[in-house]
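Breakdown of the fold
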Amino acid sequence: MSTTADQRPIAPQPVALDTTVVTSWKAPIAFGIFTLLLLALAAFAPQPGDTTYRLSLPNDVIQLPELTVPAMPALWTVVVLLAGATAYSAFLVRSKRRVPLWLVVVYAILFMFGFLTWAGAGASLPMIGLLFGSLSLAVPLIFGSLAGVIGERAGVVNIAIEGQLLAGAFTAAVVASVTDQPLLGLVAAMVAGMLVGMVLAAFSIKYFVDQVIVGVVLNVLVVGLTSFFYSQVLAPNAATLNTPPRFDRLPIPVLSEIPIIGPVLFRQTLVVYLMYIAVALVWFGLFKTRWGLRVRAVGEHPQAADTVGINVNRTRFWNVALAGSIAGLGGTFFTIGSGIAFNREMTAGAGFIALAAVIFGQWDPIKATLAALLFGFASNLQNTLSVIGSPVPSEFMLMLPYVVTIFAVAGFVGKSRAPAADGKPYIKS
Amino acid sequence: MSDPTMSRGDAPGANQPDADVAIEEPAAASPEQGAAAEDAVATASGPGGGGEVPPPSKWLTMLNQIATGNAIISVLAVLLALIVGAIMIAFTDEGVQETIGYFFARPGDTFAAIWDSVAGAYSALFQGSIYNFRRDTFLAGIRPLTETLTFATPLIAGGLGVALTFRVGMFNIGGRGQMLIAASVAGWIAFGFDLPWGVHMLVALLGGIVGGALWAGIAGVLKARTGAHEVILTIMLNYVAFYLVSWMLRTPGLLQAPGSSNPKTPAMKETAVFPYLLGPQYNLHFGFVLAVLATVLVWWILSRSSLGFKFRAVGINPNAARVAGINVKGMYVYAFLISGALLGLAGVSQVLGTVTSGFTAGIDAGIGFDAITVALLGRSTPWGTFAAGILFGAFKAGGFSMQAAEGVPIEIVLVVQSLIVLFIAAPPLVRTIFGLPDPEGRKKRTRKNVTKEAKAQ
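Residues numbered from 1 in each chain as written. Chains lettered and ligands numbered in written order. Predicted model: local features only at pLDDT ≥ 70, side-chain atom pairs only at ≥ 80, totals over all residues.

As named in an unreviewed UniProt entry, chain B is ABC transporter permease, taken from Agromyces bauzanensis. Within the UniProt record for chain B, the comment given under Subcellular location (unreviewed entry) is "Cell membrane". (UniProt positions renumbered as here; feature names shortened; annotations may be inferred.)

In the annotation of an unreviewed UniProt entry, chain A is listed under the name ABC transporter permease and assigned to Agromyces bauzanensis. Turning to chain A, the UniProt record has this under Subcellular location (unreviewed entry): "Cell membrane".

Below you can see the structure in the form of structure tokens.
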């Protein structure tokens, strides 16, 4: 329902207009903090040398020239530009106007450019590899956050995304290894994720157990189950049960030759293409179809939905199950998506980052996808920087998504408002 | 800065329409429900069941109370979880898999193999956690019980911390981060300073507790000031703490042992280590005494102090508490500070009691998450948490010996633990499985009688 929230300032009554415009100093303050951070880097930790951005792979049809920028002058330029953006946002807020999204996006890109230029000084940054890896790392996060968005829009908090990813990864590995068919593994992963989602739904909707409790416990349960079967069954029979085949890369004929975009977006595996479709479908479904209207109604105001004849608990149950199957599909990335054997707790907290992406993306599938991409970028940046030898300890890069999420939920960045009935069981009276 | 509409919905300060508040209450108070329901059953089923109906016999009432009470649900939940665990052990056992091949020829073999695997595993669990019959003397045989108490120590302390936030209507899933920070502070004091015996231990203990409290306090302050959801905050703070501690562990001059390249600290100094309670042949250390003291303290806070009264008031109904003049936001902060201190105690008892030879970023050993299940199993009461902590300690101690003796992976313990909590959280499910009477159904029937009588008049 973010659309209605956005429209609220344009209410018909002009009297109410003054009070409903949300002018918050949070964006300028956050801008200021990040500008100061970069300023501190420029002033106290200058890096000599040039930074080279490699924009093409060696065997691309269309070769782009390398982009070389002198590190320190570029950094200072960026700092000045960022200071300008901060001042502009402060001006906007002072004159009781909102800070537009494009300004935030431009600010973020400039900041990343400045930071990359500083961190990569004296080295050359493989941009294609960086972006390609970011997208790959973001795949499970995006599937997980789509699952979170559907669940929470229907009014069920899905903390069990981690468990669903793990269940999907495990089942996909086993089924694909046994049948030697990655597609069957994909289907099995969806079923496994759906089962976890159904348990979550059954306990939280039928037995009114607190959704957060069920989610947390389900995560532990899935970790326990998969680790148990891994040590007891998979490890001794690794050759037959845990050598999953991997999806081949399928370059899309024309699109894959577009410079930068092609190698990053269109030379991926089936799982990634499914992800594009899933994002589009979930967005379209939630906001343009009857199904989406019902899901949102059930999550925002279950009593009203019940009054017009929507079966609240049945709607919730099946949507949580659907969310589980989407998360299970995301879990395939860990095993058959990358051709890696299953291992204990191999999702390593991806479900929780996906949850963070849901909140950071304000319960909107597109924004949650962007947030997941940002988190994927942050973790892959850490990989790239540790290869070229960056001055920032890798732990701080890994910490970044979590810190950003804390800022996001604390409301320093933008506004986050959950569906009204999120996390509350509907008890029909 | 603290605009309530920016919050994630259920900040108590948010101006929501009344209809919403009505739906919100069961959700906000649900971790409380267990504890509250226990009292309610105890008090309500006595006088409430009467009315015009002739009073049933004492034995019947008592039987009913036992069958519908929470104690029996807890016992049955443990039983059910153990049965599921047994099924998993049996079906992954090699002997069972071999014999099942000729099941229809000789089914007896399969049953014998199932019995062997399950009985072997669970007897190893028992002998690893309570009493080992294979030892000659009582003193050697009882060693597993002291192991159980050692494993239970951080679980009790951590469980109390989580239980306390449950009583205030909040979740603290940040046990991992709070334990890591507390362990780092305590460890840093314990290996980096030279202080006399006793004083050193106390300073390290206090440092760790304050560290844990402050780390949890971040979540408390952010929740109180901005209305951010504490579940998300604490989960995120877990990862921040993990990476922070990992970085400190591999940075010379901070926590890394000098002259080593491993991400590990040097050993704790003798002056700071918790003394053994029963002599050096048992691992049980002073931390257990602290856990008992913490239980008493939490019991006192919750049921005897005015702070605890405010905590419970906020937990049951934050809006009513605010109207009554209680500083709800202040209570959130205090609850997180105390909760973090208790999880800090869990972290300190790990570094100063259990693993004194230096620690890594895995020092929390999943206790921060186990603490949640402990608190849930203990229904958020101090002594219930204490008992649940000892039960889970027994599972842990026994799980290790089960793995060593029977080759059953220790992860089975995770499965059993989480199933216990799931079953306990859903009493109707357990009642359905065992065909027990439903206390709600009984109430409904009496209510029907009352309406009938009212119509007759």
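A closer look at the overall build of chain A
Of regular secondary structure, chain A possesses 18 helices and 3 strands. Rg of the C-alpha trace for chain A: 23 Å, near the compact-globule value of 22 Å for 429 residues, within the 12% margin. By its C-alpha atoms, chain A is 70 × 60 × 40 Å across when sized along the principal axes. Among the 429 residues that make up chain A, the fraction classed as buried is 50%. A separation of at least 24 residues holds for 77% of the contacts in chain A among residues at least 6 apart in sequence. (Helix = DSSP H or I, 4+ residues; strand = E, 2+ residues; numbered from the N terminus. Rg over C-alpha atoms; globule rule 2.2 N^0.38 Å. Buried ≥ 20, exposed ≤ 12 C-beta atoms within 10 Å, placed from the backbone. Contact = placed C-beta atoms within 7 Å.)

Topic: the packing of helix 8 (residues 175–192) of chain B against helix 14 (residues 328–354) of chain B
All names here are of chain B. Axis separation between helix 8 and helix 14 bottoms out at 7 Å; the angle between their running directions is 50°. As judged from the angle between their axes, helix 8 and helix 14 are oblique. Seen along the crossing, helix 8 lies across helix 14 with a hand that is right-handed. Contact with helix 8, carried on its side by G175, Q178, M179, L180, A182, A183, A186, G187 and A190, involves G340, L343, G344, A346, G347, V348, Q350, V351 and L352 of helix 14 and no other residues of that element. Among the residues forming the contact of helix 8 with helix 14, the class breakdown is 11 nonpolar, 7 polar and no charged. (Axes fitted to C-alpha atoms, helices over the stretch in contact; angles between N-to-C directions. Parallel < 35°, antiparallel > 145°, perpendicular 65-115°, else oblique. Left-handed = near helix turned anticlockwise from the far one by under 90°. Nonpolar A, V, L, I, M, F, W, Y, C, P; charged D, E, K, R; others polar.)

Details of the interface of chain A and chain B
Tallying the contact residues gives 47 residues for chain A and 48 residues for chain B. Secondary-structure elements contributing two or more residues to the side of chain A that touches chain B are helix 9 (211–234), helix 16 (350–360) and helix 18 (394–409) of chain A. With 14 residues, the top contributor of residues to the side of chain A that touches chain B is helix 9 of chain A. Of the residues that constitute the side of chain A that touches chain B, the class distribution is 30 nonpolar, 11 polar and 6 charged.

Side note on the nonpolar core
Membership of the largest hydrophobic core comes to 265 residues, with the highest contact counts inside it found for A357 of chain A together with A186, L352 and F423 of chain B. Composition of this core by domain shows at least three residues from each of domain 1 (2–122) and domain 2 (132–369) of chain A. (Core = buried A, V, L, I, M, F, W, Y, C linked by C-beta atoms within 7 Å. Domains from an automatic or database assignment.)

Thoughts on the domain arrangement of chain A
Residues and elements named next belong to chain A. As far as domains go, chain A holds domain 1 (2–122) and domain 2 (132–369). Here domain 1 and domain 2 have C-alpha centroids that lie 32 Å from each other. In this complex, domain 1 contributes 8 residues to the contact, which on the side of domain 2 involves 7 residues. Grouping the constituent residues of the side of domain 1 that touches domain 2 by class yields 5 nonpolar, 2 polar and 1 charged.

Re the confidence of the model for chain B
Residue and element names in this part refer to chain B. Scored by pLDDT, chain B has a mean of 81; 81% of the residues are at 70 or more. Of all secondary-structure elements in chain B, the lowest mean pLDDT belongs to helix 1 (residues 18–44), at 39, while helix 11 (residues 287–304) reaches the highest, 95. Low pLDDT, under 50, characterises residues 1–51; the predicted model gives this stretch 81 contacts beyond four residues in sequence or across chains. Considering only residues more than four positions removed or in separate chains, one finds that residues 443–457, a stretch of pLDDT under 50, has 7 contacts. Both scores are available for the predicted complex, with the pTM at 0.81 and the ipTM at 0.79. (pLDDT = per-residue confidence, 0-100.)

Comments concerning the pairing of strand 1 (residues 50–54) of chain A
Residues and elements named next belong to chain A. Summarising the sheet, strand 1 and strand 2 (residues 67–70) pair through 4 bridges and their orientation is antiparallel. When the bridges of strand 2 are listed, T52 appears paired with T68. Inspection of the sheet shows strand 1 paired to strand 3 (residues 124–126) by 3 bridges, in the parallel sense. Across the sheet, T52 pairs through a bridge with S124, a residue of strand 3. (Pairing = 2+ DSSP bridges.)

Some points on the sheet that holds strand 3 of chain A
Residue and element names in this part refer to chain A. In spatial order, the strands read 2-1-3; together these 3 strands make up an open sheet with mixed pairing. Across the chains shown, the open sheet's two edge strands, defined by having one partner strand only, are strand 2 and strand 3. Within the sheet, the average angular offset between the axes of one strand and its neighbour, ignoring direction, is 20°.

Some details on the UniProt feature "transmembrane region" (unreviewed entry) in chain B
All names here are of chain B. Following the UniProt record, one finds the feature "transmembrane region" (unreviewed entry) at residues 71–91, 112–131, 151–170, 199–219, 231–249, 284–302, 332–352 and 410–434. The straight-line gap between the two end C-alpha atoms of residues 112–131 is 25 Å; of that span, 90% is helix and 0% is strand. The span residues 284–302 is 84% helix and 0% strand, and its two end C-alpha atoms sit 28 Å from each other.

A short note on helix 3 (residues 70–92) of chain B
With 23 residues, helix 3 of chain B ought to run about 33 Å at 1.5 Å a step, and its terminal C-alpha atoms sit 33 Å apart, in line with that. Within the sequence span of helix 3 of chain B, burial applies to I73, S74, A77, L80, A81, G85, M88, I89 and A90 of chain B. For helix 3 of chain B, the secondary structure elements touched by its buried residues are helix 9 of chain A together with helix 4 (94–100), helix 5 (107–129), helix 17 (411–425) and helix 18 (427–434) of chain B. (Expected span 1.5 Å × (residues − 1).)

Here's the deal with the environment of A372 of chain A
Residue and element names in this part refer to chain A. Counting through the fold element by element, A372 comes out in helix 17 (residues 365–388). Of the residues examined, A372 has 31 C-beta atoms within 10 Å and is grouped as buried. In this structure the C-alpha to C-alpha distance between A372 and A43, which are 329 residues apart in sequence, comes to 32 Å. Setting aside chain neighbours within four positions, we find A372 in contact with A138, L141, I142, S145, A354 and A357.

Structural notes on the environment of T347 of chain A
All names here are of chain A. Mapped onto the elements of the fold, T347 is located in the loop between helix 15 (312–331) and helix 16. Look at T347 and you get buried, because 29 C-beta atoms sit within 10 Å. For the pair T347 and G331, spaced 16 residues apart in sequence, the C-alpha to C-alpha distance is 7.9 Å. Not counting chain neighbours up to four residues away, the residues in contact with T347 comprise E162, L165, L166, A169 and F334.

Let's talk about unusual backbone geometry
Glycine aside, residues mostly have negative phi angles, and peptide bonds mostly take the trans form. A positive phi angle, close to 60°, is found at K96 of chain A, a residue other than glycine. Mapping K96 of chain A onto the fold places it in the loop between helix 4 (71–94) and helix 5 (101–119). Even without glycine at this site, S380 of chain B takes up a positive phi of about 65°. Mapped onto the elements, S380 of chain B comes out in the loop between helix 15 (367–377) and helix 16 (382–406). A tally of 27 C-beta atoms within 10 Å means that S380 of chain B is categorised as buried.

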